[in-house]
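Chains, contacts and geometry: an overview
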Amino acid sequence: MLKVLASCRFGPYLRRQVPSGDIVPPLLRVLSSQRGQNGRSKHFYPRFFCSDASDPVESAGAESARVESAAGEEAVEGNSSSVIVPTVFRPEDCLTVIALPLPHRPLFPGFYMPIYVKDPKLLAALVESRKRQAPYAGAFLLKDESGTEGSDSEKNIHDLKGKDLFDRLHEVGTLAQITSIQGDQIVLIGHRRLRITEMVSEDPLTVKIDHLKEKPYDKDDDILKATSFEVISTLRDVLKTSSLWRDHVQTYTQHIGEFTYPRLADFGAAISGANKLQCQEVLEELDVHKRLKLTLELVKKEMEISKIQESIAKAIEEKISGEQRRYLLNEQLKAIKKELGLETDDKTALSAKFRERLEPKKEKIPSHVLQVIEEELTKLQLLEASSSEFNVTRNYLDWLTALPWGEYSDENFIVTEAQKILDEDHYGLTDVKERILEFIAVGKLRGTSQGKIICLSGPPGVGKTSIGRSIARALNRKFYRFSVGGLSDVAEIKGHRRTYIGAMPGKMVQCLKSVGTANPLVLIDEIDKLGRGHAGDPASAMLELLDPEQNANFLDHYLDVPIDLSKVLFVCTANVVEMIPNPLLDRMEVISIAGYITDEKMHIARDYLEKATREACGIKPEQVEVTDSALLALIENYCREAGVRNLQKQIEKIYRKIALKLVRQGENIEPAVAQVVQPDEEKAESGTVSNETVEAEIVTTDSHSPDDQNPTSFDQSGTPEDTLEVVKVQESESNRTVEKVSVDTSNLVDYVGKPVFHAERIYDQTPVGVVMGLAWTSMGGSTLYVETSLVEQGEGKGALNLTGQLGEVMKESAQIANTVARAILLEKDPENHFFANSKVHLHVPAGATPKDGPSAGCTMITSLLSLSMNKLVKKDLAMTGEVTLTRKILPIGGVKEKTIAARRSDVKAIIFPSANRRDFDELAPNVKEGLEVHFVDDYGQIYDLAFEENQKTQ
């Protein structure tokens with residue numbers, strides 16, 4: 001078998017014999033040095049090989065001669081190197097041994113293993129045993145304990161004693177000879193297999209043993225030979241790839257004599273990388289054939305691992321070599337280009353690019369910013385291009401040099417031009433336009449315009465964002481919009497610290513770089529929906545951005561140099577002003593956009609929305625007609641909200657259906673167009689008729705005409721005159737059949753479906769106990785009925801029941817209204833004890849909609865009095881206002897929205913608090929037209945208007 005192993009390409013190593021003379025193999029020197037008292041080796045390897053405690057020079061079969069020789073040599077104090085271990089009796093005479101636990105791998109016969117003994121008693125017992133000329137012990141593998149692994153299991157080994165240690169040991173182990181003891185390190189040589197029978201003593205653990213021998217086997221068995229040859233063949237393959245195995249085999253063959261089947265099995269298992277349980281299984285197997293099969297599995301697995309290792313190493317080597325080659329070629333290319341003057345290195349090119357950016361605006365850049373840029377450019381030259389700091393500095397310089405320092409766009413200070421642009425884009429909105437024109441006028445007188453903060457508030461769809469875009473166009477400023485709705489990170493506004501990974505400047509620095517001027521118009525959308533997260537409060541961070549006293553030196557965390565934002569015009573948009581934090585709101589000039597009345601919506605739909613939608617759909621004006629009555633019905637029955645966004649959607653829906661109808665008609669006349677084009681070109685050449693004329697004639701052809709089913713019946717080779725005649729015939733027929741698509745109230749339902757809204761006004765004349773109020777919502781104004789009804793009457797049953805999903809404020813208003821109504825009833829009719837003896841139910845319809853706000857008090861009082869006195873409220877009357885316990889009427893908000901809602905419901909008379917007179921006077925004349933408005937201070941005036949006048953009328 002040794003010859004088979006030696007036949008591989010490592011044969012010279014395996015065929016070496018034990019050297020003689022002065023040349024001694026390294027392992028033999030180590031083994032020989034263990035006998036001496038003075039010479040001790042300090043270095044041991046996890047596995048060593050020996051010859052079953054025999055002299056490596058002698059024959060493997062003379063066991064008794066080796067024992068006598070070893071005993072004789074021990075008397076000479078071990079100066080000779082020909083004997084490895086001293087013995088005074090044969091190993092099979094050992095029937096009781098000290099048990100040594102092995103934590104990692106079992107010890108195989110013929111192998112060395114160093115172990116460490118921490119227990120002083122056990123170490124003393126081993127030393128004493130060696131002095132008594134019986135240096136043998138039992139080496140047993142420890143069983144794994146569940147829940148412990150790694151260093152924890154090693155710590156537990158030293159704590160095990162007696163019975164606990166005995167229970168943890170595998171039964172089959174190895175009789176080991178103690179070759180040397182150096183401190184707590186002991187070197188063992190495996191001799192033969194043994195099995196534990198019983199425990200003799202606990203501290204140190206001593207056990208009785210039985211010596212195990214291999215089962216008899218036939219050396220000439222073909223299966224056994226084939227298995228051993230396969231093991232050897234696999235070992236040869238592994239030897240080709242692993243130098244570690246090569247050293248193992250070389251050392252082992254020098255000292256083992258020759259391989260036998262059992263030794264071959266032990267050798268393969270011992271030097272494999274298998275886990276300890278698989279090795280223990282090989283150690284416990286006494287059937288030589290089965291042991292060889294187990295070993296074969298282990299070395300085959302080792303072979304597969306070697307192949308995987310080799311493929312991994314090869315792939316990594318190829319990758320590294322490819323990258324190194326690419327790197328070298330790139331460096332050579334850079335060197336060649338630099339030598340030829342074709343290209344400079346990266347750092348020089350970057351510095352040149354940054355300086356080129358600075359050159360045109362160097363005079364305008366502030367000195368402190370210029371100083372920072374120069375310092376960073378100097379730092380850039382000193383940094384390595386591969387370092388992370390280089391990329392940080394490069395990005396920082398990129399931002400600093402890209403900002404428009406001192407660059408401003410030429411503003412438009414001509415008021416008439418600005419007025420024209422604003423009127424082109426938006427209808428109405430007089431107060432907004434007036435404020436922008438004031439801003440332009442002040443800028444013209446001063447010669448420069450200072451940035452301001454304007455806040456446009458109003459319901460969705462009234463055009464707040466588009467107004468901001470129109471203002472930018474009127475002022476000839478660059479426009480930049482960013483939405484802060486849901487923004488919860490302060491770094492979005494103030495920027496990140498430069499040292500963070502992926503750091504970016506804030507929105508304002510990004511805005512300046514994007515627009516390229518230092519005086520843009522910045523639209524901050526949805527400022528009432530600012531979030532608040534774990535990364536700070538963005539609303540507080542906006543203060544520095546929007547405060548005119550601070551934004552001249554706005555400090556971004558990323559740039560870390562002051563930026564002048566005093567020339568920026570900020571326009572904010574919000575739906576509900578109350579949601580904006582007060583410190584932020586204090587820095588804004590609020591312009592309220594209440595919404596549009598029906599007349600304004602008609603103008604917007606006709607002049608803006610319809611025109612834009614028709615162009616977007618590719619429809620010509622002469623092909624469609626939408627009547628005013630259809631638009632009015634669309635506004636009143638489908639789009640009753642304050643804005644016009646939904647109105648635009650409905651108009652788009654109408655025009656999409658019209659486009660589909662036109663295309664379906666056009667598909668049938670398309671063949672006529674295709675066949676008349678060619679003769680038409682001939683006519684154009686002869687000057688008989690123009691292309692435009694023929695196209696106009698063909699397009700108007702109606703596909704539904706029976707005569708047009710075959711419009712190409714004329715001869716293609718005919719004369720131009722013949723062709724012209726045919727076209728004229730088609731024209732005459734089309735004039736009789738083509739109709740313009742018309743949309744009016746009769747067919748509006750076919751385009752937009754059934755009406756969404758019905759009249760808000762439920763009653764022509766409100767019954768007893770019902771009064772119309774006016775309410776404000778985020779979508780605009782609306783009318784709101786307050787209804788009261790008698791539930792039951794009886795002595796002392798006076799109570800008030802509220803429904804309609806009212807908020808806390810309206811519940812309190814109802815309680816106040818009940819108290820005031822009782823007092824007024826007592827004054828007007830002392831004999832009427834209605835409230836004391838009646839259970840009253842007060843309800844505000846649309847219970848699914850939450851309602852709250854301080855403007856329903858007077859409506860509730862009027863409703864309660866109407867029920868208690870059984871009087872009708874004046875017809876076409878709506879009211880709003882909050883009442884105190886002393887009957888004073890408090891001012892309310894949303895005057896324009898409520899006025900628009902009243903007009904929408906055909907209300908003729910409105911009652912407002914006197915404090916709101918100025919708000920009403922500021923409304924546009926078309927909003928106030930046809931309304932009878934009463935301003936009151938005390939509820940007594942409302943009583944007279946609601947009941948007394950009604951009595952006179954009756």
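Residues numbered from 1 in each chain as written. Predicted model: local features only at pLDDT ≥ 70, side-chain atom pairs only at ≥ 80, totals over all residues. Heavy atoms only, no water.

**Focus: the overall build of the protein chain**
Rules: Each helix is a run of DSSP H or I of at least 4 residues and each strand a run of E of at least 2, with the numbering of both proceeding from the N terminus. Exposure is judged per residue with a 1.4 Å probe applied to protein chains only, and the accessible area is read against the type maximum: over 50% gives exposed, under 20% gives buried, and values in between give partly exposed. Areas reported here follow the Shrake-Rupley algorithm with a probe of radius 1.4 Å; residue values treat only the protein chains shown as occluding.
Tallying secondary structure elements over the protein chain gives 35 helices and 25 strands in all. In the protein chain, buried positions account for 46% of the 954 residues. Summed over all atoms, the accessible surface of the protein chain reaches about 48300 Å², with 50% contributed by carbon and sulfur.

**Looking at helix 12 (residues 288-340)**
Counting along an α-helix, one turn takes 3.6 residues, and residues three or four places apart therefore face a common direction. Selection criterion: Helix span, expected: 1.5 Å multiplied by one less than the number of residues in the helix.
Helix length check: helix 12 (53 residues) gives 76 Å between terminal C-alpha atoms against 78 Å at 1.5 Å per residue, within 8%. When we look at burial in helix 12, the residues that qualify are Val288, Arg291, Leu292, Leu294, Thr295, Leu296, Leu298, Val299, Glu302, Met303 and Ser306.

**Some thoughts on the packing of helix 15 (residues 388-402) against helix 20 (residues 507-515)**
Here is the rule we go by: Here an axis means a line fitted to C-alpha atoms, over the contact stretch when the element is a helix, while the angle between two N-to-C directions is reported on a 0 to 180 degree scale. Under this scheme an angle from 65 to 115 degrees is roughly perpendicular, one under 35 degrees roughly parallel, and one over 145 degrees roughly antiparallel; angles in between are oblique. Working rule for contacts: check all heavy atoms of both residues, and any pair within 4.5 Å makes them a contact. Side-chain classes follow a simple rule in which Ala, Val, Leu, Ile, Met, Phe, Trp, Tyr, Cys and Pro form the nonpolar group, Asp, Glu, Lys and Arg form the charged group, and the remainder, Gly included, forms the polar group.
For the pair helix 15 and helix 20, the least separation of the axes is 9 Å and the interaxial angle reads 60 degrees. The orientation of helix 15 with respect to helix 20, classified from their angle, is oblique. Only Val509, Gln510 and Lys513 of helix 20 make contact with helix 15, whose side of the interface consists of Asp398, Trp399 and Ala402. For the contact of helix 15 with helix 20, the residue count by class is 3 nonpolar, 1 polar and 2 charged.

**A look at the pairing of strand 20 (residues 838-843)**
Definition in use: One bridge is not enough; two strands pair if DSSP finds at least two bridges between them.
In strand 20, alternate side chains face the same way, and those of Ser838, Val840 and Leu842 are buried while those of Lys839, His841 and His843 on the opposite face are not. The sheet contact formed by strand 19 (residues 799-803) and strand 20 spans 5 bridges and is parallel. Within strand 20, the residue paired with Ala799 across the bridge is Lys839.

**As for the environment of Leu382**
By the secondary structure assignment, Leu382 is in helix 14 (residues 367-382). We classify Leu382 as exposed; its relative accessible area is 71%. The sequence separation of Leu382 and Lys347 amounts to 35 residues, and the corresponding C-alpha distance is 9.2 Å.

**Details of a nonpolar patch on the surface**
Note the following rule: Only residues whose relative accessible area exceeds 30% and that take part in no salt bridge are eligible for patches, with like-charged residues grouped when within 9 Å of each other and nonpolar side chains (Val, Leu, Ile, Met, Phe, Trp, Tyr) grouped when within 5 Å. Salt bridge criterion: a side-chain nitrogen from Lys or Arg within 4 Å of a carboxyl oxygen from Asp or Glu.
Judged by side-chain polarity, Ile308, Ile312, Ile316 and Ile320 come together as a nonpolar surface patch covering roughly 360 Å² of accessible area. For Ile312, the location among the structural elements is in helix 12. On the accessibility criterion, Ile312 (45% relative accessible area) is partly exposed.

**Points about unusual backbone geometry**
Even without being a glycine, Glu526 presents a positive backbone phi close to 55 degrees. By the element assignment, Glu526 lies in the loop between strand 10 (521-525) and helix 21 (538-546). The class for Glu526 is partly exposed, based on a relative accessible area of 25%. Phi is positive for Asp906, close to 60 degrees, though the residue is something other than glycine. Within the element layout of this structure, Asp906 appears in the loop between helix 32 (895-904) and strand 24 (909-913).

**Some words on the pairing of strand 2 (residues 96-102)**
Taking burial as the measure, the 7 residues of strand 2 include 6 buried ones, the bulk of the element. Pairing geometry for strand 2 and strand 7 (residues 206-211), over 3 bridges, is antiparallel. Within strand 7, the residue paired with Val97 across the bridge is Val207. Relative to strand 4 (residues 136-141), strand 2 runs parallel, the two being bridged by 5 bridges. From the neighbouring strand, Pro101 faces strand 4, where its bridge partner is Phe140.

**Things to note about the nonpolar core**
Our working rule: Nine residue types can take part in a nonpolar core, namely buried Ala, Val, Leu, Ile, Met, Phe, Trp, Tyr and Cys, and a core is a set of them joined through side-chain atoms within 4.5 Å.
Counting residues in hydrophobic clusters, the biggest one holds 54 residues, and the most contacted among them are Ile524, Ile527, Leu545, Leu546 and Leu559. Residue contributions to this core peak at 6 residues, all from helix 21. Not counting chain neighbours up to four residues away, the residues in contact with Ile524 comprise Phe482, Val484, Met542, Leu545, Leu546, Phe570, Val571, Cys572 and Thr573.

**Here's the deal with the sheet that holds strand 8 (residues 453-457)**
Pairing is parallel across the open sheet formed by 5 strands, whose spatial order is 9-10-13-8-14. Unpaired on one side and paired on the other, strand 9 (479-483) and strand 14 (589-592) mark the two borders of the sheet. Across the sheet, the mean angle separating the axes of adjacent strands is 20 degrees when strand polarity is ignored. Summarising the sheet, strand 8 and strand 14 pair through 4 bridges and their orientation is parallel. Bridging across to strand 14, Cys455 finds its partner in Val590. Seen against the sheet, helix 17 (residues 430-446) touches strand 8, strand 13 (569-574) and strand 14 and runs at an angle of roughly 145 degrees to strand 14.

**A closer look at the confidence of the model for the protein chain**
Our working definition: Each residue carries a pLDDT score, the predictor's own confidence in it, on a scale running from 0 to 100.
Taken as a whole, the protein chain shows an average pLDDT of 75; of its residues, 77% reach a score of 70 or greater. Long-range and interchain partners of residues 1-88, a stretch whose pLDDT sits below 50, account for 156 contacts in this model, where long-range means more than four residues apart. Note that residues 670-738 has pLDDT below 50 and, in this model, 55 contacts with residues that lie over four places away or in other chains.

**Quick word on the packing of helix 29 (residues 808-828) against helix 31 (residues 857-869)**
Heads up, the condition is: Put simply, a crossing is left-handed when the front helix is turned counterclockwise from the back one by less than a right angle, and right-handed when it is turned clockwise.
As a packed pair, helix 29 and helix 31 sit with axes 8 Å apart at the nearest point and diverge in direction by 45 degrees. Put simply, helix 29 runs oblique to helix 31. Here the hand of the crossing between helix 29 and helix 31 comes out right-handed. Taking contact as the criterion, the partners of Met810, Ser813, Ala814, Ala817, Asn818, Val820, Ala821, Ile824 and Leu825 in helix 29 are, on helix 31, Gly857, Met860, Ile861, Leu864, Leu865, Ser868 and Met869. A breakdown of the residues in the contact of helix 29 with helix 31 according to their chemical character gives 12 nonpolar, 4 polar and no charged.

**Focus on the environment of Thr803**
Within the secondary structure, Thr803 sits in strand 19. Between the C-alpha atoms of Thr803 and Leu842, which are 39 residues apart in sequence, the distance is 6.5 Å. Each residue touching Thr803, except ones within four places of it in the same chain, is listed here: His841, Leu842, His843 and Val844.

**Here we look at a negative patch on the surface**
Here is the rule: Under this rule, positive means Lys or Arg and negative means Asp or Glu; His and the chain ends count for nothing. Here the site of a charge means NZ on Lys, CZ on Arg, CG on Asp, or CD on Glu.
A surface patch of negative charge is lined by Asp218, Asp220, Asp221 and Asp222. Relative to the helices and strands, Asp218 resides in the loop between strand 7 and helix 8 (222-241).

**What about the pattern of salt bridges?**
Considering all chains together, one arrives at 21 salt bridges under this definition. For Asp528, the salt bridge is made with Lys529, and the minimal N-O distance between the two is 3.5 Å. Overall, Lys529 belongs to the partly exposed group, its relative accessible area being 36%. Close ionic contact of Glu827 with Arg887 constitutes a salt bridge, the shortest N to O distance being 2.6 Å. Taken together, the positions of Glu827 in helix 29 and Arg887 in the loop between strand 22 (882-883) and strand 23 (889-890) put the pair 60 residues apart, joining distant regions of the chain. Through salt bridges with shared partners, one network takes in Glu376, Lys379 and Glu389.

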